[in-house]
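# Per-entry structural report
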Amino acid sequence: MYFGFDHVSISYGKKQILDDVSMEFEKGKITTIIGPNGCGKSSLLKTIPRTVTPISGTAIFEDKPINSYSPKELAKKIAYLPQIHISPDDIDIRTLVSYGRYPYKKFGGGLTEEDNRIIDETLELTGLSHLSNRLMNNLSGGEKQRAWIAMTICQQPEVLLLDEPITYLDVGYQVEVLELVRELCDRLKITIVMVLHDMNFTARYSDRIYVLKDRKVYTYGNPNHVIERKNLKEVFSIDSQLYHDEKNNCPIVIAEKLTR
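As a starting point, this report considers the structure included with it. A quick note: this is a predicted structure, and the numbers were derived from the prediction, not measured. (Residues numbered from 1 in each chain as written. Predicted model: local features only at pLDDT ≥ 70, side-chain atom pairs only at ≥ 80, totals over all residues. Heavy atoms only, no water.)

Attention now moves to the nonpolar core. Judged by nonpolar contacts, the single largest core of 38 residues is most densely connected at I93, M136, I149, L162, V181, I192 and M194. Elements that contribute at least two residues to this core include exactly β6 (78–81), α3 (93–98), α4 (113–125), α5 (141–153), β7 (159–163), α6 (171–188), β8 (191–195) and α7 (199–205). Setting aside residues up to four positions removed in sequence, V181 forms contacts with I30, I149, L162, I192 and M194. Core analysis: the second largest hydrophobic core is formed by 29 residues, L44, A59, V193 and V195 among them. (Core = buried A, V, L, I, M, F, W, Y, C linked by side-chain atoms within 4.5 Å. Buried < 20%, exposed > 50% of the residue type's maximum accessible area, 1.4 Å probe, protein only. Helix = DSSP H or I, 4+ residues; strand = E, 2+ residues; numbered from the N terminus. Contact = heavy atoms within 4.5 Å.)

Two strands in a sheet stick together by hydrogen bonds in their backbones, pointing the same way (parallel) or opposite ways (antiparallel). One open sheet accounts for six strands, arranged β6-β7-β8-β3-β9-β10; its pairing is mixed. Of all the strands in the sheet, the pair left with one neighbour each is β6 and β10 (216–221). Each adjacent strand pair in this sheet contributes to an overall mean axis angle of 15°, direction not counted. Pairing of strand β3 (residues 30–34) with β8 involves four bridges; the strand directions are parallel. Residue pairing for β8: I33 is matched across the bridge by V195. Running at roughly 160° to β6, α5 makes contact with β6 and β7 of the sheet. Running at roughly 155° to β8, α6 makes contact with β3, β7 and β8 of the sheet. (Pairing = 2+ DSSP bridges. Axes fitted to C-alpha atoms, helices over the stretch in contact; angles between N-to-C directions.)

Okay, unusual backbone geometry next. We note that R50 has phi near 70°; this positive angle belongs to a residue other than glycine. In this fold, R50 is placed in the loop between α1 (41–46) and β4 (56–61). Judged by its relative accessible area of 35%, R50 is partly exposed. Of note in the backbone geometry, D63 takes a positive phi value of approximately 65° without being a glycine. Within the secondary structure layout, D63 lies in the loop between β4 and β5 (64–65).

Turning our eyes to something else, we now look at the sheet that holds β4. With respect to topology, four strands assemble into an open sheet ordered β2-β1-β4-β5, the strand pairing being antiparallel. Every other strand in the sheet has two partners, leaving β2 (15–24) and β5 as the edge strands with one partner each. Here β4 pairs with β5 via two bridges, running antiparallel. Considered in β5, the bridge of F61 is made with K64.

Another aspect to go through is the packing of aromatic side chains. Tallied over the full model, the rule gives nine aromatic pairs. Taking 6.2 Å as the distance between ring centres and 55° as the angle between the ring planes, the aromatic pair formed by F3 and F5 counts as tilted. Each member of the pair F3 and F5 is classed as buried. Every member of this aromatic cluster is reached through a ring pair, and the members are Y2, F3, F5, F25, F61, Y69, Y210 and Y220. Of note, K64 hangs over the ring of Y69, and the distance from its end group to the ring centre comes to 4.6 Å. The aromatic ring of Y104 is capped on one face by R101, whose charged end is 4.0 Å from the ring centroid. (Phe/Tyr/Trp six-rings, centres within 6.5 Å; stacked < 30°, edge-to-face > 60°. Lys NZ or Arg CZ within 6 Å of the ring centre and 35° of its normal.)

Okay, here's the thing in structure tokens:
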């Protein structure tokens with residue numbers, strides 16, 4: 001397996017969140033994990049930085065268990081951006097992005113010429129070069145999220161994990177961030193795994209979708225296979241109308257009413 005989860009179970013105290021969950025993510029594609037609130041989507045991603053420890057099973061990268069990598073080794077392969085992230089208000093974008101070079105720094109060493117070159121390239125790639133000296137507290141929500149994503153890209157990972165990357169953003173910035181995610185996947189050929197709530201954004205920006213329900217994988221596949229009325233009713237308890245977006249070749253969901 002290139003990257004995925006192998007029979008992972010997670011509990012918080014006596015409450016089991018996930019039970020024997022396996023997923024495999026296609027290299028160079030965007031996969032989104034969806035499901036009801038509290039179904040374990042974020043907990044699953046948190047097993048990668050080891051902020052959550054499974055009671056059984058493990059994540060796999062390049063046919064090896066995640067815990068066989070040192071933290072620095074893993075950070076060169078997989079970058080993780082949590083839903084909530086806080087930076088000092090008095091640092092500028094370039095400084096924040098430079099933190100992505102930490103896995104490559106030697107003890108007591110500063111940024112090298114190579115590090116600065118990669119930082120410059122990352123700022124250019126994410127459209128932040130003209131803002132590189134701006135302080136974080138002077139940025140819009142979308143600009144801040146773009147800067148955080150740039151920091152993870154500066155790690156030069158093969159895999160990028162994004163936990164609800166558009167939460168708290170208005171719809172314009174949500175589109176801006178997800179367009180950036182799509183561009184990074186296509187240009188850098190990195191594997192991206194996201195957690196999202198919005199069905200229409202999930203359908204538009206995902207190559208593949210996993211759905212969690214009742215502690216297990218309920219279904220998975222491409223957006224046209226997964227986003228259908230039966231699944232939406234079973235997982236989210238909603239009736240819906242579905243239309244087809246010809247431009248993006250994906251379904252569009254109009255939720256009608258709760259069926260609980």
